[in-house]
Amino acid sequence: MNDRTSALDSVVFGVDIQSGDIRGDSPSYALVVLDTRDTESDEVRIERDVVSFRKLRRLIERDEPRVVATDNMYELATDKDDLVRFLRWLPHGTQLVQVTGAERPEPLSRVASRHGVPYGKDPMKEAEAAARLALGNVGYEVAAFENTTTVKVSRGRSTGKGGWSQDRYTRRIHGSVKQQSREVESALKEANLDYERDVTEKYGGYSQALFTVEARPEDIPVSTHRSGDTRVEIERERRDGIEFEPLVKRRDRVIVGIDPGTTTAVAVVGLNGRVLDVHSTRTADTAAVIEWLIERGRPSLVAADVQPMPETVEKFRRSFDAAGWAPASDIPVDEKLHRTREVDYENDHERDALAAALFAFDDHEDQFERISRKVPADVDREEVIARVLASEESVEAVLREMDDDADDGGDDADDESHEEPELTPEEREIRELRSRVERLESHVEDLKSTIEEKDETIEEYKEELSDARREERREARERREVTRLERENGRLERKVESLESDKAELADKLDQLKSLWKLDHSNFADVNTDGSLVPVKIVEQFTNGALDHTIEEYGIAAGDVVYLRDASGAGRTTAERLAEFDPKVVLRSGNLSEVADEVLFEADVPVAPAEGVTIQEIDELAVAKESEVESAISDWEDRAEERQKEQREEMVDQIISEHRAENRRG
């Protein structure tokens, strides 16, 4: 089995800073696009361009490449928070890959050289090298989100306002949130997705429903939207920080400890002694356990905690063609507890499996170190250890075998002319072991063929299941659309009823206004059929601004009756403006200032208290009885005559006083 998968059948973007800096105003990028789709040969379609950051994002949104590859992820983001925002923005099917490594990246030139990829210091060549490395599954995906998604259903508008009573408005919104949350939950169930629900109950329904779904956003049959009283928001759950995941996970050589029985427990330990995983089951069969182990590595040593090795453990060993290990005598419980004291496990069966694997490692640790010292740097150390364990040959013999495997076929012609020398017992044993290896490899190939057939069957079942789920989602969408249209129809019907009610109310008010007032002088006679009413122009406050408002809305003409709802505060200018209109009378509530009173008196404008006149109002419109207005004017004339008389007397007294003063001086 190859450690790496085949090349991606998709689009890969390789990017590198061409000029500027991501922290600056306008960085430019060298962009290389490798497209392996729809190619009949092994050639890859290549496009090269220099683009701005904004155009790069547009191209990513348009093409949705499988990978955006770079030698440094911080060429695309200013800091960690900005990087998280960039990852959140990426299309669902696009990965950001750093081809030079994880937390401590290597130089791009070194990585390219190691994988045989052309490299140059020019940004365009570096971008192409990054793209080709990612195409070969070299590098680490930069990840900031879990495969868990939060779906939040909440209120789409505030409950502080409403077209009708507050309680009814709030109850309707909370009811809509509850209905929407039920639809979301139904969609998740139809898609067979695992989720947890947390709701906040409020008056009339829910104020919020939170679904934590074990799936990515693209796998969830719900989209972010806002509709009337509700809104749905979808967001992937963030990890604690930025993490790096290799594009291809190597299946390393491992040591496996097995504790068989009603409950089967298995433990996986690396050749460095680090515990990788532990598992126990009462229901899984041998095939399921083997599949679980295959996903976690390639067993080179299968261990038991008792002597002799149980037949079930021996079957597992033969399945993996691995070496076996069993203790000289059954391992005591206290020794198991001491050896596994730093490892978490759930039951005694897992403890026994862990103890078997760890004691097997302890027994071979020195051997592993000796082998590692003898293995050259360019040779797979774990492969050599596995061969030494399986064949029990020396390290040197295994290295020679690995070096000479390709040359064995070229020596047969020379050996035919020579008599085969007598073999030593060790050489005969080696030959037998090699023959055994060949038989086992043939058996492995048969098993691989069986696995491939089963994989094909599984893929067929997956396709059928996918088609069935797609049909279910389509029907669910149709049901949701019908429900949405029904809700929209109900909302529109309620709106029509409300508008009709408002229309009737306005019609009644209009009829009342038509029957009572007409401010237009030319039409007022139609209302004032008996001549007993006069229109009144209302000025809210005796200020220039209030005068402007009344003039703009209704106008003030000579002979109009003006009502000052608040007569205080006016100065000379405001009073002179009002006097220029020559009103018939000014009715006031409150007292005029001395200046305003003097100006209106000198302009011969009657001013009377509003309390003596009955003013009927609807909104800003008003009328008064003409008889009461005339009476108010008559009262003012009497007061004005008395005031003028007093002023004349004061003037005569002043003249006499001045004359006497002059005589005394004379």
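Residues numbered from 1 in each chain as written. Predicted model: local features only at pLDDT ≥ 70, side-chain atom pairs only at ≥ 80, totals over all residues. Heavy atoms only, no water.

Overview of the packing of helix α16 (residues 572-580) against helix α17 (residues 594-602)
Two numbers describe how α16 lies on α17: the axes approach to 8 Å, and their chain directions differ by 25°. With respect to α17, the element α16 is oriented roughly parallel. With respect to the hand of their crossing, α16 and α17 are arranged in right-handed fashion. Across the interface between the two elements, Arg572, Ala575, Glu576 and Ala579 from α16 touch Val595, Ala596, Val599 and Leu600 from α17. Partitioning the contact of α16 with α17 into residue classes produces 6 nonpolar, no polar and 2 charged. (Axes fitted to C-alpha atoms, helices over the stretch in contact; angles between N-to-C directions. Helix = DSSP H or I, 4+ residues; strand = E, 2+ residues; numbered from the N terminus. Parallel < 35°, antiparallel > 145°, perpendicular 65-115°, else oblique. Left-handed = near helix turned anticlockwise from the far one by under 90°. Contact = heavy atoms within 4.5 Å. Nonpolar A, V, L, I, M, F, W, Y, C, P; charged D, E, K, R; others polar.)

A look at unusual backbone geometry
The omega angle of the peptide bond from Gln307 to Pro308 is 0°, so this bond is cis rather than trans. Among the structural elements, Pro308 can be located in the loop between β14 (298-303) and α7 (311-320). Positive phi values are uncommon outside glycine, yet Asp582 reaches one of about 55°. The residue Asp582 is located in the loop between α16 and β18 (585-588) in this model.

Overview of the environment of Arg387
Tracing the chain through its elements places Arg387 in helix α10 (residues 381-391). In the structure, Arg387 is positioned 65 residues away from Ala322 in sequence and 9.3 Å away in space, judged by C-alpha atoms.

Focus on the side chain of Glu128
Structurally, the position occupied by Glu128 is in helix α4 (residues 123-135). Glu128 gets classed as buried once you look at its relative accessible area, which sits at 16%. If we ignore the near neighbours within four places in the chain, the residues touching Glu128 are Val32, Ile46 and Arg48. (Buried < 20%, exposed > 50% of the residue type's maximum accessible area, 1.4 Å probe, protein only.)

Details of α7
When we look at burial in α7, the residues that qualify are Val313, Glu314, Phe316, Arg317 and Phe320. The arc that holds every buried residue of α7, seen down its axis, measures 160°, which confines them to one face. In the core, the buried residues of α7 are packed alongside β11 (253-259), α6 (286-294), β14 and β15 (323-325). In the stretch just after α7, Asp321 is the one whose phi turns positive, near 50°. (Arc of directions from axis to C-beta.)

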